[in-house]
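Summary of structural features
Take a look at the letters that make up each chain.
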Amino acid sequence: MPFRGSHLRPMKTLVLLLVMVCLVAAGAAVWLGRSGETAATTGPSLESFVDSDVQGFAEVAEGASLRFPADHGAHPGFRSELWNLFGQLIDARGIRYDFQLNLTRVALRPDAPDLPERPSAWAANAIYRGQLTLMQADRDGVRSAERLTREALGLAGGASDPPSVWIQDWSLTHREGAPDQTRIALVAEGAGAALTLDLAPVKSPIAFASLALLGRDADALGFAAYLLPRLSVTGTLALDGEPRPVQGHAWLDHAWGTIPTSGGQVGLNRFAIQLEDARELICLRLRRDDGTGTPIPACALIRTDGRVQSFQRREIQLEPTARWRSPRTGSTYPVAWQLSIPILDLELNLRALVPNQEYAEGIALWSGVVQAVGRQGGE
């Protein structure tokens, strides 16, 4: 996607070249649920810390509307909560970096006034896990760092004033701005990389339920969620101690409610794509883990003005075209896809920038960056 500013001309030229060759070019951050013919459990997951029979957590009411700025903050009464941030950055030399920051909270017990207090300062009602990954376009490999700690002694937590979440020295904090468009400050460091970024929403939050990706079942999932599909980013990326001014775009998901189980017979592929014409496309593909049945795709197009246009299974063609087998877990993942929405006359080829972007803590899954190129109509 193009960026304005004289210090970013090298990247602007590259993007124009992509547009000339492919005419509709897109950078995309994609979160894919476990998506292989093989499922692998490689270690303890957050779910291993909790008792599935514990009662007393808050439940998401069907049809409940979102409230801002309150819902930008933490929701400690619910069993689990997650923040997923994906971004693309360009430095002054035109080098591209792709990053992900995933923060997850899982409650150990409900925060109820009738429960006995525990005198130890180490006592905690929740566990927090964070995952930071960074890819540099001109180099192979993925930098990755992780945080796992309890909500005790200020090591991790979430707040509502200001809306924020932190795990040790990592934090996402909402700042000034309109209730539904507060600016966000990101601080995260690990694996020789340090991010200090300011994120400004370009579009207002969009409720996950309004995307109509799961039809009538959306209200029965037990969680609430919204997304900020396009954030303008400025700040600093330090690599091995060398600071580099950067700017770019990002996408934020925030969800809370009932913790999902890691088992089950249904798998999920999920794509979040930022097109360079200021539209976004989010797609889900539900399928059976045993490979039987017909996968069910659904997509939603977020227009430049924030309006949503949804598409269901008969209006979409979404098929994998290449796969990669993990040498670590033996899981097999699609790493290239063909997406077509005939009613829009839109065709995109999705390709993983690096095949090995597997996250193999607990249940193995593929979560990484792809590039989408294609056409719409005659362009």
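Residues numbered from 1 in each chain as written. Predicted model: local features only at pLDDT ≥ 70, side-chain atom pairs only at ≥ 80, totals over all residues. Heavy atoms only, no water.

Let us look at the overall build of the protein chain. A tally of helices and strands in the protein chain yields one helix and 22 strands. Evaluated residue by residue, the protein chain yields a buried proportion of 49% over its 379 residues. Excluding contacts between residues fewer than 6 apart, the proportion of contacts in the protein chain whose partners are at least 24 apart in sequence is 60%. When the accessible area of the protein chain is evaluated, it comes to approximately 17500 Å², of which 52% is carbon and sulfur surface. (Helix = DSSP H or I, 4+ residues; strand = E, 2+ residues; numbered from the N terminus. Buried < 20%, exposed > 50% of the residue type's maximum accessible area, 1.4 Å probe, protein only. Contact = heavy atoms within 4.5 Å. Areas by Shrake-Rupley, 256 points an atom, 1.4 Å probe, with all protein chains shown as cover.)

Of the residues in the protein chain, 76% reach a pLDDT of 70 or more, and the chain-wide mean stands at 80. The least confident element of the protein chain is helix H1 (residues 9-22), whose mean pLDDT is 27; the most confident is strand E10 (residues 193-201), at 96. Taken as a whole, residues 1-44 scores under 50 in pLDDT and shows 129 contacts with residues more than four places along the chain or in a different chain. (pLDDT = per-residue confidence, 0-100.)

Further remarks concern the pattern of salt bridges. Here the structure, examined in full by the defined rule, presents 17 salt bridges. Linking Arg-183 and Asp-198 is a salt bridge whose minimum nitrogen-to-oxygen distance equals 2.4 Å. In this pair, Arg-183 sits in the loop between strand E8 (170-174) and strand E9 (184-190) while Asp-198 sits in strand E10, placing the two residues 15 residues apart along the sequence. Residue classification places Arg-183 among the partly exposed residues on the basis of a relative accessible area of 31%. (Salt bridge = Lys/Arg side-chain N within 4 Å of Asp/Glu carboxyl O.)

Let's shift gears to the environment of Glu-319. When you line up the elements, Glu-319 lands in strand E18 (residues 317-325). For the pair Glu-319 and Pro-334, spaced 15 residues apart in sequence, the C-alpha to C-alpha distance is 9.2 Å. Apart from residues lying up to four places away in sequence, Glu-319 is in contact with Arg-285, Ala-336, Trp-337 and Gln-338.

Each regular strand carries side chains that alternate between the two faces of the sheet. Burial of strand E13 (residues 242-257) is extensive: 13 of the 16 residues sit out of reach of the surface. Two strands pair when backbone bridges link them, and strand E2 (residues 80-91) and E13 are joined in this way by 12 bridges, in the antiparallel orientation. Among the inter-strand pairings, Leu-82 is bridged to a residue of E13, identified as Ala-255. Alignment of strand E12 (residues 223-239) against E13, held across 15 bridges, turns out to be antiparallel. Along E13, the bridge assignment pairs Leu-237 with Arg-244. Where E12 folds back onto E13 in an antiparallel hairpin, the turn is made up of two residues, including Asp-240, whose phi is positive at roughly 50°. (Pairing = 2+ DSSP bridges.)

Here we come to the state of the cysteines. Put plainly, two cysteines are in a disulfide when a covalent bond ties their sulfur atoms together. The tally for this structure, following the rule as stated, stands at one disulfide. With a sulfur-sulfur separation of 2.1 Å, Cys-283 is cross-linked through a disulfide to Cys-299. Taking the sign of the S-S torsion, 110° for the link of Cys-283 and Cys-299, the bridge is right-handed. With Cys-283 in strand E15 (residues 280-288) and Cys-299 in strand E16 (residues 296-302), this residue pair connects regions lying 16 residues apart in the sequence. Cys-299 matches Cys-283 in its accessibility class, with the two residues each being buried. (Disulfide = S-S within 2.5 Å.)

This next bit is on unusual backbone geometry. Cis rather than trans, the peptide bond between Phe-68 and Pro-69 has omega equal to 10°. When you line up the elements, Pro-69 lands in the loop between strand E1 (24-31) and E2. Put simply, Asp-161 and Pro-162 share a cis peptide bond, and its omega is -5°. Secondary-structure assignment places Pro-162 in the loop between strand E6 (156-160) and strand E7 (163-167). One non-glycine residue, Ala-212, lies in the positive phi region at around 60°.

This brings us to the side chain of Asp-91. Note that Asp-91 resides in strand E2. A polar contact is formed between the side chain of Asp-91 and the backbone nitrogen of Ile-95, at a distance of 3.0 Å. (Polar contact = N/O pair within 3.5 Å; in protein donor to acceptor, adjacent residues only side chain to side chain.)

What follows concerns the environment of Pro-245. Residue position: Pro-245 is located in strand E13. What makes Pro-245 exposed here is its relative accessible area of 59%. Remark: the alpha-carbon pair of Pro-245 and Gly-235, spanning 10 residues in sequence, is separated by 5.9 Å. Residue contacts for Pro-245: discarding those within four places in its chain leaves Ile-90, Asp-91, Ala-92 and Gly-235.

Following the criterion strictly, the structure yields five aromatic pairs and no others. Measuring from ring centre to ring centre gives 5.9 Å for Phe-208 and Phe-223, while their planes differ by 45°; the resulting arrangement is tilted. Pair noted here: Phe-208 is in the loop between strand E11 (206-207) and E12 and Phe-223 is in strand E12, with a separation of 15 residues, a long-range link. In this structure Phe-208 comes out as buried when scored by relative accessible area, which is 14%. Residue classification places Phe-223 among the partly exposed positions, given a relative accessible area of 31%. With 6.1 Å between their ring centres and 20° between their planes, Trp-324 and Tyr-333 make a pair best called stacked. Each member of the pair, Trp-324 together with Tyr-333, is buried. Taken together, the ring pairs connect Phe-68, Tyr-226 and Trp-256 into an aromatic cluster. (Phe/Tyr/Trp six-rings, centres within 6.5 Å; stacked < 30°, edge-to-face > 60°.)

Let's shift gears to the environment of Ala-178. Positionally, Ala-178 belongs in the loop between E8 and E9. For the pair Ala-178 and Pro-69, spaced 109 residues apart in sequence, the C-alpha to C-alpha distance is 8.2 Å.

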